[in-house]
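Residue-level structural notes
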Protein chains: 2
Amino acid sequence: MARPSGSDAGVTGPRVRAAAERLFARHGYAAVSMRQIAAEVGIGAGALYHYTPDKQTLLRDMMRDHLVKLTTAWAQTDPGGDAVTRLDAFARFHIRFHLDRPDAVFIAYMELRSLEPDAFAEIEALRKTYEAVPEALLRAGSATGVMQVADVKLAGMALIAMLTGVNTWYRDGGRLDRSAVEDVYARMALGMVGVQTVNA
Amino acid sequence: MARPSGSDAGVTGPRVRAAAERLFARHGYAAVSMRQIAAEVGIGAGALYHYTPDKQTLLRDMMRDHLVKLTTAWAQTDPGGDAVTRLDAFARFHIRFHLDRPDAVFIAYMELRSLEPDAFAEIEALRKTYEAVPEALLRAGSATGVMQVADVKLAGMALIAMLTGVNTWYRDGGRLDRSAVEDVYARMALGMVGVQTVNA
DNA sequence: CTTGGAATTGAACGGTCGTTCGGTCTATTG
DNA sequence: CAATAGACCGAACGACCGTTCAATTCCAAG
């Protein structure tokens, strides 16, 4: 037998990427076999090669897609205006975006080491593009004196690490919902750079 | 041939653990073979089994050692006294301890998924023990009113994520040395919970 | 100087890996 | 209704996996 009824590249392609994302996030790139991905989709291992030239490209494409979406989504969300408003918006955006796609986030952070040199360089550049966002924002707030930032670069890294950390513990249906978490973190983010907020 | 001259379990054992730690951190547990570890130590793969019953135990022991050392080291560093002093000390301690053993830290954070259920439960419990440290500390500062903490649990997680994040970018010989990094982060940690520090 | 245990080798086990490919069937096009 | 394009199967490739084990050699104790 071959080519079973109902087969359709337009459907199978996305399912391959989705299955790979789930499995890579759960078990790690190296620990997941092409046969496992294929089984999840319900096809033979050989058929995967209609959708990706190899396993490495599957990973690379998934990381690039995530990072490109991340930066373009912020560009569309950035409210502009004063630095405090923008920082508040950034903190909330980052948490929301990351909580919406935990698997992609996990992979983008943890599988950098699984990338071969070319792919690593590409992905690393995209990551740095996003890291420049809070940095520019803090620099602006620092320049106008509304924020007290001892070191813009460090504060930017600290901010991202703090916000991304939400993904390690947040679970839907827990004590706080997403918007409550956003509130608490936005306030801490502002406090971190010396902006006091009302309502203790 | 067998048993070459100079062989010594007292020397080889630690070298096996060190090689495994380096390789697991660099490439991930699943991506490292017993043969690679053995080659790094300069012995055959079979000889590894004099030092560990299996690969999984190698990982488990390494994670347990790290987390036990982490909590006992804080117990010996905790200055006691008021919450602000202790939080400052905690931030500095966490950064220093983590920068001193980046491989062990990386593994403890990233290879939880590589642990089989029993091992996972043990390691997870140790991790929670340490996470309770900043939480208790923030609760104390919040109770006396010297800190403004909207949510103790979240602030504790945010603090740890922020501090651990230093490991992702810090390199010796960079723009700032360790104590300068400690200064900046300790200040941000205090700001995060509403404690303003002098000297903007 | 002998002897026994410890450290190690290297071959071997069954299994899985990523990837290739010839053949086969289905859906679509003309 | 015939032909073509392409989705898929399943077997096969060589390589490597974690682990075991008999054989071998070295070191230390008596």
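Just so it is clear, the structure is predicted and the values come from calculations on it, not from any experiment.

Examining the pattern of salt bridges
All names here are of chain A.
- Enumeration according to the criterion identifies 36 salt bridges over all chains in this entry.
- With a closest N to O distance of 2.7 Å, Glu-122 and Arg-60 form a salt bridge. Pair noted here: Glu-122 is in helix α6 (residues 117-143) and Arg-60 is in helix α3 (residues 55-77), with a separation of 62 residues, a long-range link.
- For Arg-60, a relative accessible area of 25% corresponds to the partly exposed category.

Some details on the UniProt feature "DNA-binding region" (unreviewed entry) in chain A
- UniProt records the feature "DNA-binding region" (unreviewed entry) for residues 33-52 of chain A in the present numbering.
- Strand forms 0% of residues 33-52 of chain A and helix 40%; the C-alpha atoms that close the span are 14 Å apart.

Here's the deal with the domain arrangement of chain A
All names here are of chain A.
- Entries for chain A in the domain assignment read domain 1 (1-52) and domain 2 (55-192).
- The distance between the C-alpha centroids of domain 1 and domain 2 comes to 30 Å.
- Surface buried jointly by domain 1 and domain 2 totals about 1,300 Å² across both partners, of which 66% is contributed by carbon and sulfur atoms.
- Our count for the contact surface shared by domain 1 and domain 2 stands at 1 salt bridge.
- When the shortest N-O distance is used, the salt bridge between Arg-26 and Asp-103 registers 4.0 Å.

Considerations on the nonpolar core
- Of all hydrophobic cores here, the largest spans 126 residues; its most connected members are Ile-37, Met-162 and Tyr-185 of chain A together with Ile-37, Met-162 and Tyr-185 of chain B.
- Ignoring any residue separated from it by four or fewer positions in sequence, one finds Tyr-185 of chain A in contact with Ile-95, Met-162, Leu-163, Val-166 and Trp-169 of chain A together with Leu-154, Met-157 and Ala-158 of chain B.

Cut-offs applied
Residues numbered from 1 in each chain as written. Chains lettered and ligands numbered in written order. Predicted model: local features only at pLDDT ≥ 70, side-chain atom pairs only at ≥ 80, totals over all residues. Heavy atoms only, no water. Salt bridge = Lys/Arg side-chain N within 4 Å of Asp/Glu carboxyl O. Helix = DSSP H or I, 4+ residues; strand = E, 2+ residues; numbered from the N terminus. Buried < 20%, exposed > 50% of the residue type's maximum accessible area, 1.4 Å probe, protein only. UniProt positions renumbered as here; feature names shortened; annotations may be inferred. Domains from an automatic or database assignment. Buried area = accessible area lost by both parts, 1.4 Å probe. Core = buried A, V, L, I, M, F, W, Y, C linked by side-chain atoms within 4.5 Å. Contact = heavy atoms within 4.5 Å.

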